[in-house]
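Chain residues, written in single-letter form:
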Amino acid sequence: VMRFSRRLRNQRVDTSVTLTHLAALSTLKRNGPMSPGELAAQERVQPPSMTRVVVALEGMGLVTRTPHPTDGRQVIIGLTPAAEELLTEEARAREAWLSGRLQELTAEERAVLREAAEIMEKLAGG
């Protein structure tokens, strides 16, 4: 599972954006705009580490900072249209790679894989 996950993650469009950057962007896409502290907690990293990630992403034009609506000491981090496009392109690259690999399997192997996926989902959920 780990090897497969690594191979899938390596199907990249833009290698100037690190996997850490992509993870932060994906969290923002999934959960919406949030403070850097909330983003750090979601990504399970220390706030100073997330600050460096946010600064890098802002420098690449992938995130915006807007004032927090109730706390003047904080900002809210959101995605730019460029980030949305990047995430879409990255997902397409992974899907294309996976689709090609699945086509190499026999119908029986794909059926076994479907069953294994259900079992893996049970394991992950419990």
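K.L.:
Is there a simple way to explain helix H6 (residues 107–125) in this structure?
P.N.:
Quick reminder: α-helices carry 3.6 residues per turn. Residues three or four places apart thus point the same way. Taking 1.5 Å per residue as the helical rise, H6 with its 19 residues ought to reach 27 Å, and the 27 Å between its terminal C-alpha atoms agrees with that figure. Of all 19 residues making up H6, only zero are buried, and the element is barely covered by its neighbours.

K.L.:
How do you make sense of the packing of helix H1 (residues 2–9) against helix H5 (residues 81–103) when you look at a structure like this?
P.N.:
What describes two packed helices is the angle between their axes and the distance between those same axes. Closest axis-to-axis distance for the H1/H5 pair is 9 Å, and the angle between their directions is 125°. Classified by the interaxial angle, the pair formed by H1 and H5 is oblique. Between H1 and H5, the residues in contact are Phe4, Arg7 and Leu8 and Arg94, Trp97, Leu98 and Arg101, respectively. Tallied by class, the residues present in the contact of H1 with H5 amount to four nonpolar, no polar and three charged.

K.L.:
Whenever I open this one, the confidence of the model for the protein chain confuses me. Can you help?
P.N.:
The predicted coordinates should not be examined in detail at positions where pLDDT is low. Per-residue confidence for the protein chain gives a mean pLDDT of 93; residues scoring 70 or more make up 99%. Strand S2 (residues 75–79) holds the highest mean pLDDT among the elements of the protein chain, 97, whereas H1 holds the lowest, 89.

K.L.:
Got a minute to help me understand the nonpolar core in this structure?
P.N.:
The nonpolar side chains of a soluble globular protein tend to be buried, and buried together. Counting 19 residues, the largest nonpolar core has Leu25, Leu28, Leu39, Met50, Leu57, Leu62 and Val63 as its most contacted members. Of all the elements in the fold, those that place two or more residues in this core are helix H2 (19–31), helix H3 (36–43), helix H4 (47–59), S2 and H5. Dropping the residues within four chain positions of it, Met50 is found in contact with Ala24, Pro36, Leu39, Ala40, Glu43 and Val45.

K.L.:
Hey, could you run me through the pattern of salt bridges in this one?
P.N.:
A side chain of one charge can pair with a side chain of the opposite charge when the charged atoms of the two come close. Counting across every chain of the model gives five salt bridges. For Asp71, the salt bridge is made with Arg73, and the minimal N-O distance between the two is 3.0 Å. The exposed category is assigned to Arg73, whose relative accessible area is 75%.

K.L.:
When you look at a nonpolar patch on the surface in this model, what are you seeing that I'm missing?
P.N.:
Where nonpolar side chains cluster on the molecular surface, the patch consists of Val1, Ile119, Met120 and Leu123 and spans about 440 Å² of accessible area. One can find Met120 in helix H6.

K.L.:
Is there a simple way to think about a positive patch on the surface in this case?
P.N.:
Among the surface-exposed residues, Arg3, Arg6, Arg7 and Arg9 lie close enough to one another that they form a single positively charged patch. Topologically, Arg6 is positioned in helix H1.

K.L.:
What am I meant to see in the pairing of S2 here?
P.N.:
On any regular strand, side chains alternate: one points to one face of the sheet, the next to the other face. Among the five residues that make up S2, four are buried, leaving the element largely enclosed by the rest of the structure. Here five bridges tie strand S1 (residues 63–67) to S2, and the two strands are oriented antiparallel to one another. Bridge pairing in S2 links Thr66 to Ile76.

K.L.:
Would you take a moment to explain the layout of surface pockets for this structure?
P.N.:
A probe matching the size of a water molecule, rolled over the atoms, marks out where space remains unfilled. Taken as a whole, the largest pocket holds about 400 Å³ of empty space. Looking at the largest pocket, it is lined by 14 residues, and the ones nearest its centre are Phe4, Trp97, Leu98, Leu102 and Leu113. Contributions of two or more residues to the lining of the largest pocket are made by H1, H5 and H6. In terms of residue class, the lining of the largest pocket is made up of ten nonpolar, no polar and four charged. As a volume, the second largest pocket reaches approximately 340 Å³. For the second largest pocket, the lining is made up of 16 residues, of which Leu19, Leu22, Ala23, Ser26 and Arg94 are closest to its centre. Only H2 and H5 provide two or more residues apiece to the lining of the second largest pocket. By residue number, the principal contributor to the lining of the second largest pocket is H2, which donates seven residues.

Criteria and thresholds
- Residues numbered from 1 in each chain as written.
- Predicted model: local features only at pLDDT ≥ 70, side-chain atom pairs only at ≥ 80, totals over all residues.
- Heavy atoms only, no water.
- Helix = DSSP H or I, 4+ residues; strand = E, 2+ residues; numbered from the N terminus.
- Expected span 1.5 Å × (residues − 1).
- Buried < 20%, exposed > 50% of the residue type's maximum accessible area, 1.4 Å probe, protein only.
- Axes fitted to C-alpha atoms, helices over the stretch in contact; angles between N-to-C directions.
- Parallel < 35°, antiparallel > 145°, perpendicular 65-115°, else oblique.
- Contact = heavy atoms within 4.5 Å.
- Nonpolar A, V, L, I, M, F, W, Y, C, P; charged D, E, K, R; others polar.
- pLDDT = per-residue confidence, 0-100.
- Core = buried A, V, L, I, M, F, W, Y, C linked by side-chain atoms within 4.5 Å.
- Salt bridge = Lys/Arg side-chain N within 4 Å of Asp/Glu carboxyl O.
- Patch = residues over 30% accessible without salt bridge, like charges linked within 9 Å, V, L, I, M, F, W, Y side chains within 5 Å.
- Areas by Shrake-Rupley, 256 points an atom, 1.4 Å probe, with all protein chains shown as cover.
- Lys, Arg positive; Asp, Glu negative; His and termini not counted.
- Charge placed at Lys NZ, Arg CZ, Asp CG, Glu CD.
- Pairing = 2+ DSSP bridges.
- 1 Å grid on protein atoms, 1.4 Å probe; cavity = no way out; pocket = protein on both sides within 12 Å on 5 of 7 lines; lining within 4 Å.
- Points joined across faces, edges and corners; volume = space filled by probe spheres on them.

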